[in-house]
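Next come the chains, spelled out residue by residue.
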Amino acid sequence: MPTITTDTTRQTVLTTFEVTPGTCEDVLDALRVAYAEVISKQPGFIAAALHVNDAQTRIANYSQWEKREDFQAMLRTPEMRKRNRAIHAEVKSFEPVMMDVAAVF
């Protein structure tokens, strides 16, 4: 379960995917399978959540990692490089952004 706090050394990653209503479920399925089979088993993985808007044109992914290098190492694995290429082919765009928690209310 994600813990949102400013008092942490954890790495937060927010990724947005621009999709179409026709590809939204396919991309969600690919992400669900990637998390179940690969990502959640990587060193440093803490938690993640997938979100989708009502129009099914945006998917947002929130993930937490012990440290930045853990997230980067996961992206460089051959399995995730292959999966990310397949996901990229289904989306208009996607952007992972590493962020620090600035405030919690």
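Residues numbered from 1 in each chain as written. Predicted model: local features only at pLDDT ≥ 70, side-chain atom pairs only at ≥ 80, totals over all residues. Heavy atoms only, no water.

Asks: With reference to specific residues and values, describe the overall build of the protein.
Replies: Across its full length, the protein holds three helices and four strands. Ordered by position from the N terminus, the helices and strands of the protein form the series β-α-β-β-α-α-β. For a compact globule of 105 residues, the expected C-alpha radius of gyration is about 13 Å, and the protein comes in at 14 Å, within 12% of that figure. Principal axes of the C-alpha set define a box for the protein whose edges measure 40 × 35 × 20 Å. Across the 105 residues of the protein, 31% fall into the buried class. Sequence separation of 24 or more characterises 74% of the internal contacts of the protein that already satisfy a separation of 6 or more. With the model as given, the accessible surface of the protein reaches about 6500 Å², and the carbon-plus-sulfur share is 54%. (Helix = DSSP H or I, 4+ residues; strand = E, 2+ residues; numbered from the N terminus. Rg over C-alpha atoms; globule rule 2.2 N^0.38 Å. Buried < 20%, exposed > 50% of the residue type's maximum accessible area, 1.4 Å probe, protein only. Contact = heavy atoms within 4.5 Å. Areas by Shrake-Rupley, 256 points an atom, 1.4 Å probe, with all protein chains shown as cover.)

Asks: Just give me the short version of the packing of aromatic side chains, but keep the residues and values in it.
Replies: Evaluated as defined, the whole model comprises four aromatic pairs. Taken together, the ring pairs connect Tyr35, Phe45, Trp65 and Phe71 into an aromatic cluster. (Phe/Tyr/Trp six-rings, centres within 6.5 Å; stacked < 30°, edge-to-face > 60°.)

Asks: Lay out the nonpolar core with the relevant residues and their values.
Replies: Core analysis: the largest hydrophobic core is formed by 10 residues, namely Val13, Ala34, Tyr35, Val38, Ile39, Phe45, Trp65, Phe71, Met74 and Met80. Excluding residues that lie within four positions of it along the chain, Phe45 makes contacts with Tyr35, Ile39, Ser40, Gln64 and Trp65. Within the second largest apolar cluster, nine residues are counted, among which are Phe17, Val19, Cys24 and Val91. (Core = buried A, V, L, I, M, F, W, Y, C linked by side-chain atoms within 4.5 Å.)

Asks: So what's going on with the pattern of salt bridges? Residues and values would help.
Replies: Between side chains of opposite charge, a pair can form as their charged atoms come close. According to the stated counting rule, one finds five salt bridges in the structure shown. For the salt bridge of Arg32 with Glu25, the shortest nitrogen-to-oxygen distance reads 3.9 Å. Arg32 sits in the partly exposed class, given a relative accessible area of 41%. On the basis of relative accessibility, which here comes to 39%, the residue Glu25 falls in the partly exposed class. One salt bridge connects Asp29 with Arg32, and the closest N-O pair in it is separated by 2.8 Å. Separated by three residues within a single helix, Asp29 and Arg32 lie in helix H1 (residues 24-37), roughly one turn from each other. One network of salt bridges, in which partners are shared, links Glu25, Asp29 and Arg32. (Salt bridge = Lys/Arg side-chain N within 4 Å of Asp/Glu carboxyl O.)

Keep in mind these numbers describe shape, not what the thing actually does.
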